[in-house]
Amino acid sequence: MNRLAYNKLVDRFFKLAALAATIVGLVFLFTLVWDIAHDGAGRISWSFLTSFPSRRPERAGILSALVGTIWIMGLTAVFAFPIGVGAGVYLEEYTKKKNLITRLIEINIANLAGVPSIIYGLLGLGIFVRALSLERSLLTGALTLTLLILPIIIISTREALKAVPFSIREASYALGATRWQTTYRQVLPVALPGILTGTILALSRAIGETAPLITIGALTYIAFLPESVFDPFTVLPIQIFNWVSRPQKGFAVNAAAAIIVLLVLTLILNSIAIYLRHRFQRRIRW
Amino acid sequence: MDRTRTRTPKAVWVILAFVVATIAGVGTEYAHAARRLVKIDGSSTVFPITEAVAEEFQIEKRGRVMVTVGISGTGGGFKKFCRGEVDIVDASRPVKSVEAALCRKNGIEYIELPVAYDGIAVMVNPQNNWVDHLTVKELKKMWEPAAQGRITKWSQIRRGWPEREIHLFGPGVDSGTFDYFTKAIVGKSGASRGDFTASEDDNVLVQGIATDPDALGFFGLAYYEHNRDKLKLVPIDDGNDSNGKGPILPSAETVNKGTYQPLSRPVFIYVSKEAASRPEVDEFVSFYLENAGTLSAEVGYIPLPEDIYKRALRKFKKRKTGSVFGGKGAKMGVTIHDLVRH
């Protein structure tokens, strides 16, 4: 076999291996989706979305969990976006001189992104629930999830900022702009699609988190809607977790239906990310 | 050195300041603002009953009172209860001395109220044709700590049983069910072999026993009721003929009459005396004791006799605090009448 034929063979083999790797993921995803849809699709109805949980599976709904999830996501976005982007901008745009402290901060942020979520739950329990006595409220839940996704937002913000050509900044400075003007008017708009994508992907990770919220003591049975951020709450993953562990078959069906709703919510979040990316990308013309 | 270095985006500081102010300033104020709220946490075994009561109570109150129910296990529930973080704790076993001490330290007095019976069912796979009943002694032989790695075959339990491996399934060691089972069978709460399949999720245990012909396991009767077709219930002989002769199957009747021994037990709620002075908590607990009979049966538990609920209600109204178990946790031989003495 000559060299060329060998290389082509390797090439074809690599292509097949990559294809197989892709298929493995897809097969599992489709099996899961099909199984869930098969079990739960028939259960989804308007009354399922607008009823409170109940001891009778056929009467139970996800209203409080759905509203809780939307509240938590909204609050988490409000807290995490400015702090995460702010930290990312500072580290990327304002600390050009690498010294020991900035390195230390960078390493720590990278490490924090890998810390198991339950640890954040314990942190939230210690700080927000007990030390600040915010109790088991929406605010506590959102702040805990904010801590959880901050490292991801900071890292993706920095990556997005890094991708902006340095010549843009130099051109801006050359015209007499300050650092703030350069960052705000030139760099951030270009980096925004990347930052938003990172933020929304981080949020769609947070939407499925159960462990930290159970740790801070989010509740299992709630049959009312929160009126302020200081009210107790429950979220979809916790409702699903509770239903799955019940003896009645009807609750397993409810859990499957609630999983579909959660998947749809995640899908909506991800579609927003894609939409925003396209929208902002088109505007930039250098 | 950059000349522009010191310029930090103002907006970032404004937002940061806003967030900090929200957390620190307003937080503590509003967190304690009185919304008519009854907070409950604790055992997953008692949860379905409390959930049912909370559901009916809130329907009757038309949203004027809100009830939250969490699941942190009996132990976790007492931890929160004794810190004053919840008003009521769901308990599938009586309060332990360490918990009682913690409550005392924090000045939390409690009223102990039985709300239903829970039978612990012992089950095997339906294909298992050799087990017709089990004695407490045989169960002890299987589950005691000394059995670890030693008792591995059915033939070691009773002569004539097959030379097949025995696979044991049970609830997690943090559950009240596990505490009670070990106390009743082995004699010491929490004393058990470690080499069995443990799960906090009873449906996992149902699956395990239903698919393994060599399996034996135990969990709350309510889970058996909903999986009758997949499991075979084992009658238990406690060797004491005064409370029913021979092996006895758990059922509403045998649990209620006290013949299904030693694996049936009352489950409780503990109400904070201080919280009970709030009208919503007082109303909720009264509603609980008035409706626990019907509602516990509906969710698969065995109701206490009607007059026990009446006496429990009187005990609650008199705010009789403390535990008849003397803070010893799971304990045998306490009758249901002792529980409601006031």
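As the structure is a prediction and not an experimental result, all values here were calculated from the model. (Residues numbered from 1 in each chain as written. Chains lettered and ligands numbered in written order. Predicted model: local features only at pLDDT ≥ 70, side-chain atom pairs only at ≥ 80, totals over all residues. Heavy atoms only, no water.)

## Here's the deal with the pattern of salt bridges
This is how the line gets drawn: Throughout this description, the term salt bridge denotes a Lys or Arg side-chain nitrogen within 4 Å of a carboxyl oxygen of Asp or Glu. Secondary structure follows DSSP: runs of H or I at least 4 residues long count as helices, runs of E at least 2 residues long count as strands, and numbering of each begins at the N terminus. Type-normalised accessible area, obtained with a 1.4 Å probe on protein chains alone, sets the label of each residue: buried when under 20%, exposed when over 50%, and partly exposed for intermediate values.
The full count for this structure, using the stated rule, is 34 salt bridges over all chains. Put simply, B:E55 and A:R59 hold a salt bridge, and the shortest N to O gap is 2.6 Å. In this pair, B:E55 is assigned in helix α2 (residues 47-61) and A:R59 in the loop between α2 (46-50) and α3 (63-94), connecting two distinct chains. You can call A:R59 partly exposed: its relative accessible area is 37%. The network of salt bridges with common partners includes A:R55, A:R56, A:R59, B:E55, B:E56 and B:E298.

## Description of helix α10 (residues 236-244) of chain A
Among the nine residues of α10(A), seven are classified as buried, and the element is accordingly described as predominantly covered. Burial in α10(A) covers these residues: A:L236, A:P237, A:I238, A:Q239, A:I240, A:N242 and A:W243.

## What to know about the nonpolar core
Put simply, the rule reads: Residues belong to a common nonpolar core when they are buried Ala, Val, Leu, Ile, Met, Phe, Trp, Tyr or Cys residues joined through side-chain atoms within 4.5 Å. Reported domain spans reflect what an automatic or database domain assignment gives. It only takes one pair of heavy atoms within 4.5 Å for two residues to be counted as in contact.
With 106 residues, the main nonpolar core has B:F81, B:V122, B:L134, B:M142, B:W143, B:L263 and B:F284 as its most contacted residues. For this core, the element with the highest residue contribution is strand β4 (residues 110-124) of chain B, accounting for eleven residues. The two domains that each donate at least three residues to this core are domain 1 (10-117 + 266-340) and domain 2 (119-257) of chain B. With sequence-adjacent residues up to four places away left out, B:F284 is seen in contact with B:V38, B:I40, B:V53, B:A54, B:F57, B:V67 and B:I88. Counting residues in each nonpolar core, the second largest holds 51 residues, with A:A80, A:I149, A:I216 and A:L269 among its members.

## Focus: the confidence of the model for chain B
Residue and element names in this part refer to chain B. To keep things clear, this is the line we draw: The pLDDT value tells you how sure the predictor is about a given residue, anywhere from 0 up to 100.
Residues at a pLDDT of 70 or more form 87% of chain B, whose mean pLDDT is 84. Across chain B, the element-wise mean pLDDT spans from 55 in helix α1 (residues 10-31) up to 94 in strand β3 (residues 88-91). Between residues 1-8, whose pLDDT stays under 50, and residues either more than four places distant or in other chains, the model counts ten contacts. Here residues 26-33 is a poorly scored stretch, pLDDT under 50, and it has 14 contacts once near neighbours within four places are set aside; other chains count. Two summary scores accompany this predicted model of the complex, namely pTM at 0.80 and ipTM at 0.76.

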